[in-house]
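Listed below are the residues making up each chain.
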Amino acid sequence: VNEPSFSRSDEINAQLQALVPGGAHTYAKGVDQYPEGMAPIIERGLGSHVWDVDGNEFVEYGSGLRAVSLGHAHPAVNAAVIAALANGSNFSRPAHIELGAASDLLSLLPRADMVKFTKNGSDATTAAVKLARAVTGRDLVAFCQDQPFFSTDDWFIGATPLGRGVPAAVRDLSTTFGFNDIPGLEALLVARGGEIACVVLEAAGQAEPAPGYLQQVRALCDRYGVLMVLDETITGFRWSLGGAQDVYDVVPDLSIFGKAMGNGYAVSALAGRREHMRLGGIDHDEERVFLLSTTHGAESHSLAAARAVIDVYRREGVIETMAARGAQLAAGVTAAAADCGLSEHVTVHGRPCNLTFATRDEAGDRSQPYRTLFMAELLRRGIIAPSFVLGAAHSEQDVEATIDAVHDVCVVYRKALENGIEGYLAGRPVKPVFRSRS
Ligand SMILES: Cc1ncc(COP(=O)(O)O)c(C=O)c1O
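Parameters and conventions
- Residues numbered from 1 in each chain as written.
- Predicted model: local features only at pLDDT ≥ 70, side-chain atom pairs only at ≥ 80, totals over all residues.
- Heavy atoms only, no water.
- 1 Å grid on protein atoms, 1.4 Å probe; cavity = no way out; pocket = protein on both sides within 12 Å on 5 of 7 lines; lining within 4 Å.
- Points joined across faces, edges and corners; volume = space filled by probe spheres on them.
- Helix = DSSP H or I, 4+ residues; strand = E, 2+ residues; numbered from the N terminus.
- Nonpolar A, V, L, I, M, F, W, Y, C, P; charged D, E, K, R; others polar.
- Contact = heavy atoms within 4.5 Å.
- Near = heavy atom within 4 Å.
- Polar contact = N/O pair within 3.5 Å; in protein donor to acceptor, adjacent residues only side chain to side chain.
- Areas by Shrake-Rupley, 256 points an atom, 1.4 Å probe, with all protein chains shown as cover.
- Pairing = 2+ DSSP bridges.
- Axes fitted to C-alpha atoms, helices over the stretch in contact; angles between N-to-C directions.
- Salt bridge = Lys/Arg side-chain N within 4 Å of Asp/Glu carboxyl O.
- Buried < 20%, exposed > 50% of the residue type's maximum accessible area, 1.4 Å probe, protein only.
- Parallel < 35°, antiparallel > 145°, perpendicular 65-115°, else oblique.
- Expected span 1.5 Å × (residues − 1).
- Core = buried A, V, L, I, M, F, W, Y, C linked by side-chain atoms within 4.5 Å.
- Phe/Tyr/Trp six-rings, centres within 6.5 Å; stacked < 30°, edge-to-face > 60°.
- Left-handed = near helix turned anticlockwise from the far one by under 90°.

Colleague: Would you mind going over the layout of surface pockets with me for this structure?
Modeller: Picture a little ball the size of a water molecule; that probe, rolled over the atoms, points out where space is still empty. Estimated volume of the second largest pocket: approximately 1,200 Å³. If you go around the second largest pocket, you meet 36 residues; those closest to its centre are Pro94, Glu98, Val115, Lys116 and Leu292. Of all the secondary structure elements, the ones that give two or more residues to the lining of the second largest pocket are helix H4 (97-108) and strand S4 (114-118). Counted by class, the lining of the second largest pocket contains 16 nonpolar, 13 polar and seven charged residues.

In structure tokens, the structure reads:
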């Protein structure tokens, strides 16, 4: 191993901590999520690779918290953005591109009739919750407790260990249900169906939906007059071009897209059926709903990015490429772990386009120290892997190099299991994002 230096990154991390709470603009990017002294500050990215301020080059997984699926600085997306920039980005009235972008997105979503754009997944999800409350006249929100994240807003964060600052009155308006648990959801709806505005879930997470599960959720929602909100922030532009709703053939009332939709540019969307979305309009006689109205909601170059992304997906078989590379990676990592006798300790989970890994200790329990060791040894070998989420820019060679590195890492992991991890881990373990104290 050609030992990388992180000294410039260390300095900048310290400066960032002093100026920016958390030292990053998303907690999932924090230094606490990385092995101590091995949290690179990125200078630039191209395709599947990034370069840090110390000059280290990495193959990068999880790019942009799953926002970048075509690779960094994608030429077609950047060309569309640059062309749009030349014409200005924000006006007193809608730009022509707003129609094109809405048509493009809706052409992918036969189950939706209308769309409204904004800048991030949280705002779109919260807008869905608001619209559901308006439609039903009910206040309670039920979200899936087995899926990690829906929004930075209080209705969700208030129910996590990071609920400080959220009034109890707000927390009381959220409740949860388990994924793939129809009896549980039905019991909740029997007990409180008359109070529940919507159920919010992802179609799949680490777990696939059981056959018929999503259709049963749909049927229960219909029976209890509850809106079904499908959060496709991750699944959109990964599971298929029509989203997970297409893959599993389910008709949500409202769905949310973001992340990969802009390949790193800030754009997200709330899409839904006209009967509900129209309440956000100005062409009806009912009481109006203030639905997603933000200064930057229709920023022209971000809409141009989304249009270009859709075009690239259509032309280049992006979904198929991600699925193939992910399958290659999952098989290779699984084989490398098996070769080192670690089949129970280093495991890969999720759909090929959205892979994560788990690390287990001597007792077979999920282990943050072993996660740290795994990440640190990969970083030493030129791989940033908070997950194994890849994009279409990851080449077969990138994946092969990753598998080779994982094999070497597994040799170290094996020794740590045999001799005790203390001698192999420098510094404190990585920490979970959702913890109430540092
Ligand atoms: C499923 C899901 N929904 C919503 C969000 C929030 O998106 P954003 O960070 O763009 O606000 C995320 C972000 O991680 C997510 O994973």
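Here the narrative resumes, following the displayed structure.
Colleague: Mind showing me how you'd approach the side chain of Ser367 here?
Modeller: Within the secondary structure layout, Ser367 lies in the loop between strand S12 (356-359) and helix H14 (368-380). Excluding residues that lie within four positions of it along the chain, Ser367 makes contacts with Thr359, Arg360 and Asp361.

Colleague: Before we go on, may I ask you to explain the site of the ligand in this structure?
Modeller: Around the ligand, a shell composed of Asn120, Gly121, Ser122, Phe149, Phe150, Glu202, Asp231, Thr233, Ile234 and Lys259 is seen. One of the side-chain N or O atoms of Ser122 is found 2.6 Å from an oxygen atom in the ligand. Within the side chain of Lys259, an N or O atom sits 2.9 Å from an oxygen atom of the ligand. Contact with the protein chains removes 82% of the 390 Å² of surface that the ligand exposes when unbound. Classifying every residue of the shell around the ligand gives three nonpolar, four polar and three charged.

Colleague: Help me understand the sheet that holds strand S9 (residues 254-257), please; the structure alone is not making it clear to me.
Modeller: The strands making up a sheet associate through hydrogen bonds between their backbones, and the pairing can be parallel or antiparallel. Pairing in this open sheet of seven strands is mixed, and the strands run S4-S10-S9-S8-S7-S5-S6 from one edge to the other. Across the chains shown, the open sheet's two edge strands, defined by having one partner strand only, are S4 and strand S6 (174-177). Neighbour-to-neighbour, the strand axes of the sheet open up by a mean angle of 20°, direction not taken into account. Bridging between S9 and strand S10 (residues 268-272) involves four bridges; their strand directions are antiparallel.

Colleague: Would you explain the pattern of salt bridges in this entry?
Modeller: Any two side chains of opposite charge can pair, on the condition that their charged atoms come close. This model, assessed by the stated rule, comprises 21 salt bridges. In this structure, Asp249 engages Arg111 in a salt bridge whose closest nitrogen and oxygen atoms are separated by 3.0 Å. In this pair, Asp249 sits in the loop between helix H10 (243-247) and S9 while Arg111 sits in the loop between H4 and S4, placing the two residues 138 residues apart along the sequence. For Arg111, a relative accessible area of 17% puts it in the buried group. Within the structure, one salt-bridge network assembled from shared partners comprises Glu3, Glu377, Arg380, Arg381 and Asp408.

Colleague: Sorry if this is basic, but what is going on with the packing of helix H12 (residues 300-316) against helix H13 (residues 318-339) here?
Modeller: Each pair of packed helices can be summarised by the angle the axes make with each other and by the distance between the axes. The geometry of H12 relative to H13 is characterised by a closest axis approach of 6 Å and an angle of 70° between their N-to-C directions. One element, H12, and the other, H13, form an angle in the roughly perpendicular class. Each of Val312, Tyr313 and Glu316 in H12 lies in contact with H13, whose residues at this interface are Val318, Ile319, Thr321 and Met322. Split by residue class, the contact of H12 with H13 holds five nonpolar, one polar and one charged.

Colleague: Which parts of the structure should I look at to understand helix H5 (residues 121-136)?
Modeller: Since the α-helix packs 3.6 residues into each turn, any two residues three or four apart lie on the same face. For H5, with 16 residues, the first-to-last C-alpha span of 23 Å sits near the 22 Å given by 1.5 Å per residue. Within the sequence span of H5, burial applies to Gly121, Ser122, Ala124, Thr125, Ala127, Ala128, Val129, Leu131, Ala132 and Thr136. Measuring from the side-chain oxygen of the N-cap residue of H5 to the backbone nitrogen of Ser122 gives 3.3 Å; that N-cap residue is Asn120.

Colleague: Looking at this model, I keep getting lost on unusual backbone geometry. Mind explaining?
Modeller: For residues that are not glycine, phi is negative in most cases, and the peptide bond is trans in most cases. Non-glycine residue Asp249 carries a positive phi angle of around 50°. Backbone geometry at Lys259 places phi at a positive 35°, although glycine is not the residue there. Residue position: Lys259 is located in the loop between S9 and S10.

Colleague: What am I meant to see in the nonpolar core here?
Modeller: Soluble globular proteins: nonpolar side chains tend toward being buried together. Phe117, Val199, Leu201, Phe237, Leu270, Tyr313 and Phe388 are the most contacted members of the largest nonpolar core, which has 130 residues in total. A total of 10 residues in this core trace back to one element, the largest contributor, which is helix H15 (residues 396-419). Setting aside its immediate chain neighbours within four residues, Phe117 contacts Glu98, Ala101, Ala102, Leu105, Met261, Val267, Ser268, Ala269, Gly297 and Leu303.

Colleague: What exactly am I supposed to notice about the packing of aromatic side chains here?
Modeller: The geometry of an aromatic ring pair is captured by the separation of the ring centres together with the interplanar angle, meaning the angle of the planes. Summed over the entire model, instances satisfying the criterion amount to 17 aromatic pairs. Each ring, one from Phe149 and one from Phe434, has its centre 6.1 Å from the other, and the planes form 20°; the classification is stacked. Of this pair, Phe149 sits in the loop between strand S5 (140-144) and helix H6 (154-157) while Phe434 sits in the segment after H15, and the two are 285 residues apart along the sequence. The class for Phe149 is partly exposed, based on a relative accessible area of 38%. The class of Phe434 is partly exposed, set by a relative accessible area of 27%.

Colleague: Help me understand the sheet that holds strand S13 (residues 383-384), please; the structure alone is not making it clear to me.
Modeller: Read from one edge to the other, the open sheet built from four strands follows the order S1-S2-S3-S13, with strand pairing classed as mixed. Every interior strand has two partners, whereas the edge strands, strand S1 (42-46) and S13, have only one. Pairing of strand S3 (residues 57-60) with S13 involves two bridges; the strand directions are parallel. Within the sheet, the bridge partner assigned to Glu60 lies in S13 and is Ile384.

Colleague: Would you mind going over the packing of helix H3 (residues 75-85) against H12 with me for this structure?
Modeller: Where H3 meets H12, the axes come as close as 8 Å, and the angle between the chain directions of the two elements is 150°. Between H3 and H12, the angle falls in the class roughly antiparallel. Seen along the crossing, H3 lies across H12 with a hand that is right-handed. Between H3 and H12, the residues in contact are Ala76, Val77, Ala80, Val81, Ala84 and Leu85 and Ser300, His301, Ala304, Ala305, Ala308, Val309 and Val312, respectively. For the contact of H3 with H12, the residue count by class is 11 nonpolar, two polar and no charged.

Taken by themselves, the reported measurements are silent on function.
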